[in-house]
Amino acid sequence: MYQSDTLTLSDFGFQLAATDKLTNARAGVLRTAHGDIPTPIFMPVGTVGSVKAVHQSELRNDIDAKIILGNTYHLYLRPGTDLLHAAGGLHRFIGWERPILTDSGGFQVFSLADNRKITEEGCTFKSHIDGSRHKFTPENVIDIQRLIGSDIMMAFDECPPGESPYPYAKKSMELTHRWMDRCVQRFRETEPLYGHQQALFPIVQGCKYPDLRRISAEHAASKDAVGYAIGGLAVGEPTEVMYQMIEVVNAILPADRPRYLMGVGTPANLLEAIERGVDMFDCVMPTRNGRNGMLFTWEGTVNIKNKKWETCFEPIDPESPAEADRVYTYAYLHHLIKAEELLGLQIASIHNLTFYLSLVRAARQHIVDGDFSQWKSAMVQKLMRRI
RNA sequence: GGGGAAGUCGCAUAGUGGCAAUUGCAACAGACUGUAAAUCUGUCCUCUUCGGAGUUCAGUGGUUCGAGUCCACUCUUCCCCA
């Protein structure tokens, strides 16, 4: 099923369909056992087995998500690996037959920093649910992801804060590399449980320091993986620094493998990163901000709670592939969100995810058509506006 | 007709001599990037150069250095008995 000296797998493949002439943008297709993923792609986040407020049917039909995320830490705590195993894996448990990527819990090392302790062995978390202690190691994080059955598993990493001083950033990166090695080792020692291959993506760290990023990208690239992730960005450092780090890392990561920028970002972030050769993205922003009343549109961002939308009887997006966008108006969504009606959370989430998927689809088309650069420049200006 | 209770910044509340005045809701803004988030933050009497300044607690008058708080009367609302 796999060779001993590589992480590449027969069920997986990445084909570049087009490369932009003026920039590093690429259009490709990532093949997995659960279906092909056109890139650039945005992956909706479904932490605990649900993209919050969105039905699987809407993800499939309206949003047309090609792959979604789950989270190792959260799924391990609830519903737990025994149940997921009994259910036949996460795909069957949640009724989603397209690809799934699971984050390893590395981000929780960052976001739950007050409730965890890092050692060489791994990271011990105090559960945010019941206070119980759980140790995550590179080995059991692979084991858990085997039980989840995700198509793409992520290596266990430490995601340090964006403004970490150099000595800590270096120490943290080196730990992440040792953990990466152990993840690869465990990956090779274990088999998938549900009849489909699972890829393992290493994660590049190194904070805002170019020399560390280079070292980390080289360490990751040496693993000959199906794909690579860039982690530890959009965690407090300036946006321009994030773009610089993407450039540094992508100059080293192999061009014939997909590159996944973890946790990013705003629509403008996506286009800037695509221009720099990133292929995959995930972010809670479309769903979380949607639930909090923020809409992303082709003309800029909207705070639907603002009084100015009270009497705007225009459809949210008459051209959208999502029925909710064509049928419901700004005024109605304003009312629903103000009234705390659950339908409002659904419409806002569907809208934002549909927009994100439409945005990356448009980016891909412009790469294929050969006019990505000029399209991107005009779009970024519009996307950063507030309306 | 008799007896009782109460009127505080949109609504509801706290406040029993040092108060521009508690809290909740509403309203109006802002934040959110590998989800402990249907969450969090700010403003919310008027003006302001953000240091302050000026007017407030149904009304009028009074006691007091000082009154939302105490006294008198007026107005209004609610409850009970006829």
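When two helices pack together, their arrangement is given by the angle between their axes and by how far apart the axes lie. Where helix α10 (residues 267-275) contacts helix α15 (residues 372-383), the two axes come as close as 9 Å, and the packing angle between them is 160°. Classified by the interaxial angle, the pair formed by α10 and α15 is roughly antiparallel. Here α10 and α15 pass one another in a crossing that is left-handed. In this structure, α10 contributes P267, A268, L271, E272 and E275 to the contact, and α15 contributes K376, M379, V380 and L383.

What follows concerns the sheet that holds strand β12 (residues 203-204). Across the sheet, which stays open at both edges, the five strands sit in the order β4-β15-β14-β13-β12 with parallel pairing between neighbours. Edge positions in the sheet fall to β4 (41-44) and β12, since each has one partner strand and no second. One ladder, built from two bridges, connects strand β14 (residues 259-261) with strand β15 (residues 280-283); its direction is parallel. Opposite L261, over in β15, you have F281 as the bridge partner.

Time to look at unusual backbone geometry. Following T39, the chain continues to P40 via a peptide bond in cis, the omega torsion being 0°. In this fold, P40 is placed in the loop between β3 (35-39) and β4. Going from R78 to P79, the amide bond is cis rather than trans, its omega being 15°. Secondary-structure assignment places P79 in the loop between α2 (72-77) and α3 (81-87). Phi at D64 is positive, roughly 60°, even though this residue is not glycine. The phi angle at C207 is positive, at roughly 50°, despite the residue not being glycine. On the basis of neighbour counts, which here come to 27 C-beta atoms within 10 Å, the residue C207 falls in the buried class.

Here the focus is the sheet that holds strand β7 (residues 116-118). Pairing is antiparallel across the open sheet formed by three strands, whose spatial order is β7-β8-β9. Strands at the two margins of the open sheet, each flanked by one partner only, are β7 and β9 (133-136). The average angle at which neighbouring strand axes cross in this sheet is 15°, direction not considered. Sheet analysis places strand β8 (residues 123-126) next to β9, joined by four bridges and oriented antiparallel. Bridging across to β9, F125 finds its partner in H134.

Taken as a whole, helix α13 (residues 330-338) has its buried residues at L333, H334 and I337. The arc enclosing the buried residues of α13, seen along the axis, measures out at 105°, which places them on a common side. Tucked into the core, α13 has its buried residues touching α14 (342-369). Immediately beyond the C-terminal end of α13, within one or two residues, lies E340, with a positive phi of roughly 55°.

Right, let's talk about the protein's contact with RNA strand B for a bit. Around RNA strand B sit 49 residues, and of these H128, C159, G263, G265 and V284 come closest. Of all elements in the fold, only β5 (68-71), α5 (106-111), β15, α11 (285-291) and α14 reach the threshold of two or more residues within the surface near RNA strand B. Residues belonging to the surface near RNA strand B are distributed by class as follows: 17 nonpolar, 21 polar and eleven charged.

Let us look at the pairing of β5. For a regular strand, side chains alternate in direction, first toward one face of the sheet and then toward the other. Neither face of β5 is open: one carries I68 and G70, the other L69 and N71, and all of them are buried. Sheet analysis places β5 next to strand β6 (residues 100-103), joined by four bridges and oriented parallel. Within the sheet, the bridge partner assigned to I68 lies in β6 and is I100.

This part takes up the environment of V241. Mapped onto the secondary structure, V241 falls in helix α9 (residues 239-250). Judged by local crowding, V241 falls into the partly exposed class, with 17 C-beta atoms found within 10 Å. For the pair V241 and K208, spaced 33 residues apart in the sequence, the C-alpha separation amounts to 6.5 Å.

Membership of the largest hydrophobic core comes to 106 residues, with the highest contact counts inside it found for L200, F201 and L261. With twelve residues, α14 is the largest single contributor of residues to this core. Residues within four places of F201 in sequence aside, it is in contact with I152, M154, A155, A225, V226, G227, Y228, A229 and Y260.

In the predicted model, chain A carries a mean pLDDT of 96, and the fraction of residues at 70 or more is 99%. Note on the complex model: pTM 0.94, ipTM 0.91.

Our next topic: the pairing of β6. Across the two faces of β6 the burial is the same, with I100 and T102 and L101 and D103 all buried. In this structure, β6 lies alongside strand β10 (residues 152-154), joined through two bridges in parallel fashion. The residue of β10 that forms the bridge with T102 is M153.

Calculation criteria
- Residues numbered from 1 in each chain as written.
- Chains lettered and ligands numbered in written order.
- Predicted model: local features only at pLDDT ≥ 70, side-chain atom pairs only at ≥ 80, totals over all residues.
- Axes fitted to C-alpha atoms, helices over the stretch in contact; angles between N-to-C directions.
- Helix = DSSP H or I, 4+ residues; strand = E, 2+ residues; numbered from the N terminus.
- Parallel < 35°, antiparallel > 145°, perpendicular 65-115°, else oblique.
- Left-handed = near helix turned anticlockwise from the far one by under 90°.
- Contact = placed C-beta atoms within 7 Å.
- Pairing = 2+ DSSP bridges.
- Buried ≥ 20, exposed ≤ 12 C-beta atoms within 10 Å, placed from the backbone.
- Arc of directions from axis to C-beta.
- Near = placed C-beta within 6 Å.
- Nonpolar A, V, L, I, M, F, W, Y, C, P; charged D, E, K, R; others polar.
- Core = buried A, V, L, I, M, F, W, Y, C linked by C-beta atoms within 7 Å.
- pLDDT = per-residue confidence, 0-100.

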